[in-house]
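Single-letter residue listing:
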Amino acid sequence: MESMNEKDILAYKIGGLLYTPALNTKIADKIIQKKYDCLTSIVFCLEDSIKDEALPMAEIELCNTLSKLKESYSELPLLFVRVRTPEHMKKIHKMIEGQEDIITGYILPKFDLTNCDKYSNLIKEYNSNSNKKLYIMPILESSMVADIGCRVPALYELKEKLLRIKEYVLNIRVGGNDFSNMYGLRRNINQNIYEIGVIRDILVNIINVFGADFVVSGPVWEYFGSDANEEWKHGLIRELELDKLNGFIGKTAIHPSQIPVIYESLKVSRSDYEDAIKILGWD
């Protein structure tokens, strides 16, 4: 059996990826004090959670957060930064110089054929000049991926390009809400993303093209709350079951209350573990 390398382990370790706006001034303290149960990874978002006029302030706050985390010497979750464009990624990488060694990598929104080569060249450049490997996690969420007329050829071309830098691609992420917004659709708390036919078809195509070569993460669940018995939790559990059934591993989280639910869903059951032992012939 082929052993897993560091990248393979990290791809599964991401689990529930918690999003927080980079403007969040309290997030460093919460991470250091381990306020969030089951937190394995977090992304500081500089994209759609930040208004254009607030971006300069968010960038400064990101530097402050990373500086505080680096000085804490605490055991940290995997840290990511969500940028806006290749040009923005270049700017941010320069801004956080000296702190980039504590981040695992960058999240790349609206990743498609219009920007993939620029992103690929940047991540290759960064890794050629660093002793610590930096990764990318592209998000497939643009109209090029949604459009049925060009979707499959575009996905295959993207896959071929990403295979050339596979050592730097931690996993592929999908933008369920972005796709839904394109069609003016939204699931309620008692429904799941796979019940929206046009979105399900996009997701199926993505897993069909990328699933054999990359870990592909499930779309965000947009409901949360403080009461674990509320409907939001049962809806999330159901969608997580369908994520796994369809080949998606891990999920984006938009609130800390979602993290333990996602974490529990990724645990291997005793029956699956025993089946694996038998298949592998491990006594």
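The coordinates are above.
These numbers were taken from a predicted model, which means no experiment stands behind them.

Turning next to the pairing of strand β5 (residues 135-140). Buried residues dominate β5, accounting for six of its six residues. Burial along β5 is two-sided: the residues Tyr135, Met137 and Ile139 and Ile136, Pro138 and Leu140 are all buried. Bridge analysis of strand β4 (residues 105-108) against β5 gives four bridges, and the strand direction is parallel. Its bridge partner lying in β5, Leu108 is registered against Pro138. With helix α5 (residues 116-128) bridging β4 and its parallel neighbour β5, the resulting β-α-β unit is right-handed. With two bridges joining them, β5 and strand β6 (residues 173-174) adopt parallel strand pairing. From the neighbouring strand, Leu140 faces β6, where its bridge partner is Val174.

Read across the open sheet, the seven strands follow the order β6-β5-β4-β3-β2-β1-β7; overall the sheet is parallel. Where the open sheet ends on each side, the last strands, each with one partner, are β6 and β7 (251-253). Of the strands in this sheet, β2 (41-45) and β3 (78-82) are in contact with helix α3 (residues 55-72), which crosses β2 at around 150 degrees.

The end-to-end C-alpha distance of α5, which contains 13 residues, comes to 18 Å, matching closely the 18 Å that a straight helix rising 1.5 Å per residue would cover. If you check which residues of α5 are buried, you get Cys116, Tyr119, Ser120, Leu122, Ile123, Tyr126 and Asn127. The arc that holds every buried residue of α5, seen down its axis, measures 165 degrees, which confines them to one face. Buried residues along α5 sit against α4 (86-95), β4, β5 and α7 (151-163).

Looking now at the nonpolar core. In terms of nonpolar packing, the biggest core is built from 71 residues, with Phe44, Met89, Tyr106, Ile206 and Phe210 touching the most fellow members. Examining the composition of this core, we find that seven residues originate from one element, helix α9 (residues 197-210), more than from any other. If we ignore the near neighbours within four places in the chain, the residues touching Phe210 are Leu140, Leu155, Leu158, Lys159, Leu162, Ile172 and Val216. Leu10, Ala11, Tyr19 and Tyr135 belong to the second-largest nonpolar core, a separate cluster that totals 15 residues.

Reported here for the largest pocket is a volume of approximately 410 Å³. Taken together, 21 residues form the lining of the largest pocket, with Tyr19, Asp48, Arg82, Val220 and Ile254 sitting closest to its centre. Every element with two or more residues in the lining of the largest pocket is listed here: β1 (16-21), β6 and α8 (176-182). Broken down by class, the residue content of the lining of the largest pocket amounts to seven nonpolar, nine polar and five charged. The calculated volume of the second largest pocket comes to roughly 340 Å³. What lines the second largest pocket is a set of 16 residues, among which Tyr12, Gly15, Ile249, Leu266 and Lys267 lie closest to the centre. Elements supplying a minimum of two residues to the lining of the second largest pocket: α1 (6-13) and α11 (259-265).

Attention now goes to α3. With 18 residues, α3 extends 26 Å from end C-alpha to end C-alpha; this agrees with the ideal 26 Å at 1.5 Å per step. Looking at α3, one finds that the buried residues are Leu55, Ala58, Glu59, Glu61, Leu62, Cys63, Thr65, Leu66 and Leu69. In this structure, the buried residues of α3 make contact with α2 (27-32), β2, β3 and α4. Two residues or fewer past α3, Tyr73 is found with a positive phi of approximately 55 degrees.

Helices that pack against each other are described as a pair by the angle of their axes relative to one another and the distance between those axes. Orientation of α3 relative to α4, taken along the N-to-C sense of each, is 40 degrees, at an axis distance of 10 Å. Between α3 and α4, the angle falls in the class oblique. In the packing of α3 onto α4, the handedness of the crossing is right-handed. Of the residues in α4, those in contact with Leu55, Glu59, Ile60, Leu62 and Cys63 of α3 are His88, Lys91, Ile92 and Met95.

Turning to unusual backbone geometry, a few remarks are in order. The phi torsion at Cys38 lies on the positive side, around 65 degrees, for a residue other than glycine. The topology assignment puts Cys38 in the loop between α2 and β2. For Cys38, a relative accessible area of 28% gives the class partly exposed. One non-glycine residue, Tyr73, lies in the positive phi region at around 55 degrees. Looking at the element boundaries, Tyr73 is found in the loop between α3 and β3. With a relative accessible area of 77%, Tyr73 lands in the exposed category.

The rules behind these values
- Every chain's residues receive numbers from 1 upward, in the order its sequence appears when written.
- A pLDDT threshold of at least 70 governs which residues receive local features in this predicted model, and a stricter bar of 80 or more applies before side-chain atom pairs are shown or counted, although totals over entire chains, interfaces and linings include all residues.
- Heavy atoms throughout the structure, all of them, feed into the side-chain values; hydrogens and water do not.
- Three exposure classes are used, based on accessible area relative to the maximum for each residue type with a 1.4 Å probe and protein chains only: buried under 20%, partly exposed in between, and exposed over 50%.
- Strands here mean DSSP runs of E at least two residues long; helices mean DSSP runs of H or I at least four residues long; both are numbered from the N terminus.
- Strand pairing is assigned whenever DSSP detects at least two bridges linking the two strands.
- Orienting the strands away from the viewer, one traces the path from the first strand over the helix to the second; a clockwise path indicates a right-handed crossover.
- Should any heavy atoms of two residues lie within 4.5 Å, those residues are considered in contact.
- Note on method: axes are straight lines fitted to C-alpha atoms, helices fitted across the in-contact stretch only, with angles between N-to-C directions ranging 0 to 180 degrees.
- One fewer than the residue count of a helix, multiplied by 1.5 Å, yields its expected span.
- Comment: arc refers to directions from the helix axis out to C-beta atoms.
- As used in this record, nonpolar core signifies buried Ala, Val, Leu, Ile, Met, Phe, Trp, Tyr and Cys residues forming a set joined through side-chain atoms within 4.5 Å.
- Space inside and on the surface of the protein is sampled on a 1 Å grid over the protein atoms alone, with a cavity defined as a set of points where a 1.4 Å probe fits but cannot get out and a pocket as an open set with protein on both sides within 12 Å along at least 5 of 7 lines; lining residues have an atom within 4 Å of a point.
- Grid points are joined across faces, edges and corners, and a volume is the space filled by probe spheres set on the points.
- Residue classes follow a fixed rule: Ala, Val, Leu, Ile, Met, Phe, Trp, Tyr, Cys and Pro count as nonpolar, while Asp, Glu, Lys and Arg count as charged, and any other residue, Gly among them, counts as polar.
- Throughout, the term roughly parallel applies to angles under 35 degrees, roughly antiparallel to angles over 145, roughly perpendicular to angles from 65 to 115, and oblique to all others.
- Each crossing gets its handedness from the near helix: less than a right angle anticlockwise from the far helix is left-handed, clockwise is right-handed.

Coordinates in, geometry out; function isn't part of it.
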